[in-house]
Amino acid sequence: VGLVMMFFMPYIKNDVGKIVYGSISCLIMILGYVSIPTILNSIVRQEIPKSKEGVFMGVKMIFVVALPMCIGPFIGDAMNKISGLTYTDDFGTVSYVPSNYNYLVAIGFVLLALIPAIFILKFSKEKQEKVAIENKYEQKQEQIQKYLEKLEQEAKQIEKYIIEKKPKVIIDEE
């Protein structure tokens, strides 16, 4: 939502309105930037096998940190060149003006990142359901075992009672 709001920021003409609108949209964008990766990292962390954490964290560092740092500037530079607008900074360096269409491209990357996230969530949900079913099965087995033990104790008590109260039969041998 914050990325979409940032896309429309150049179209606001009032300076005060632009500052307020920009502040709100930046806050929403930054909250999303902080919360979504945190949630995804925690989900991925839960799915990592306990003995393979180091390997998975190394792979994650390559794909989540190293590759984006290497590829991202080239994508951003290409996008800025498309806008065609340039400016000269205080040191005389001519640079391209970033386009507001960069936010739409960022939305596209977010949508691409959601594809594996959806599969992870689906797999995680199925795994949780399977564990819940197994837990219910184990609870039922424990209940049945306790019930059988109780029945066995009652049967022993009944047997003991019958033995104690058994009428003595006197047989005349005459």
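Cut-offs applied
Residues numbered from 1 in each chain as written. Predicted model: local features only at pLDDT ≥ 70, side-chain atom pairs only at ≥ 80, totals over all residues. Heavy atoms only, no water. Helix = DSSP H or I, 4+ residues; strand = E, 2+ residues; numbered from the N terminus. Buried < 20%, exposed > 50% of the residue type's maximum accessible area, 1.4 Å probe, protein only. Areas by Shrake-Rupley, 256 points an atom, 1.4 Å probe, with all protein chains shown as cover. Lys, Arg positive; Asp, Glu negative; His and termini not counted. Charge placed at Lys NZ, Arg CZ, Asp CG, Glu CD. Phe/Tyr/Trp six-rings, centres within 6.5 Å; stacked < 30°, edge-to-face > 60°. Axes fitted to C-alpha atoms, helices over the stretch in contact; angles between N-to-C directions. Parallel < 35°, antiparallel > 145°, perpendicular 65-115°, else oblique. Left-handed = near helix turned anticlockwise from the far one by under 90°. Contact = heavy atoms within 4.5 Å. Nonpolar A, V, L, I, M, F, W, Y, C, P; charged D, E, K, R; others polar. Expected span 1.5 Å × (residues − 1). Bend = angle between axes of the 7 residues up to and from the residue.

*Asks:* Before we move on, could you go through the overall build of the chain and cite the residues and values that matter?
*Replies:* When you go through the chain residue by residue, the secondary structure sums to four helices and two strands. The order of helices and strands in the chain, counted from the N terminus, is α-α-α-β-β-α. Principal axes of the C-alpha set define a box for the chain whose edges measure 135 × 40 × 25 Å. Buried residues in the chain amount to 9% of all 174 residues. Counting only carbon and sulfur atoms, one obtains 67% of the accessible surface of the chain, whose full area is about 14900 Å². Across the chain, the mean location of the 20 positive side-chain charges is 6 Å away from that of the 19 negative side-chain charges.

*Asks:* Give me the lowdown on the packing of aromatic side chains, citing residues and values where you can.
*Replies:* Scanning all chains against the criterion turns up four aromatic pairs. Here Phe7 and Tyr101 contribute two aromatic rings whose centre-to-centre distance is 5.2 Å and whose plane-to-plane angle is 65°, an arrangement assigned as edge-to-face. Linking Phe7 in helix H1 (residues 2–7) with Tyr101 in helix H4 (residues 101–165), this pair joins segments that are 94 residues apart in sequence. On the basis of relative accessible area, Phe7 is assigned to the buried category, the value being 9%. Residue Tyr101 is classed as partly exposed on the basis of its relative accessible area, which comes to 44%. Connected via pairs of aromatic rings, a cluster forms that spans Phe7, Phe8, Tyr11 and Tyr101.

*Asks:* Go over the packing of helix H3 (residues 53–83) against H4, please, and point to the residues and values.
*Replies:* Viewed as axis vectors pointing N to C, H3 and H4 meet at an angle of 140°, and their least axial separation amounts to 10 Å. Relative to H4, H3 is oriented oblique. Crossing geometry of H3 relative to H4 is assigned as right-handed. Residues Ile75, Met79 and Asn80 of H3 pack against Tyr101, Asn102, Val105 and Phe109 of H4.

*Asks:* Which residues make up the packing of helix H2 (residues 15–47) against H4, and what values do they have?
*Replies:* Across the interface, H2 lies against H4 with an axial gap of 11 Å and an inter-helix angle of 30°. Comparing the axis directions of H2 and H4 gives the class roughly parallel. For the pair H2 and H4, the sense of crossing is left-handed. Packed against H2, whose contacting residues are Met29, Leu40, Ile43, Val44 and Glu47, the element H4 presents Tyr103, Ala117, Ile120, Leu121, Phe123, Ser124 and Lys127 at the interface. Taken together, the residues of the contact of H2 with H4 sort by class into nine nonpolar, one polar and two charged.

*Asks:* Any chance you could break down H4 for me, citing the residues and the numbers?
*Replies:* For H4, built from 65 residues, the straight-helix expectation of 96 Å at 1.5 Å per residue is met to within 8% by its first-to-last C-alpha distance of 95 Å. The principal kink in H4, of about 25°, is found at Ile115, preceding the proline Pro116 by one to four residues.

*Asks:* I'd like a rundown of the environment of Ser83, residues and numbers included.
*Replies:* The topology assignment puts Ser83 in helix H3. Along the sequence, Ser83 and Pro98 sit 15 residues apart, while their C-alpha atoms lie 7.3 Å from each other. The contact partners of Ser83, leaving out residues within four places of it in the chain, are Val97 and Ser99.

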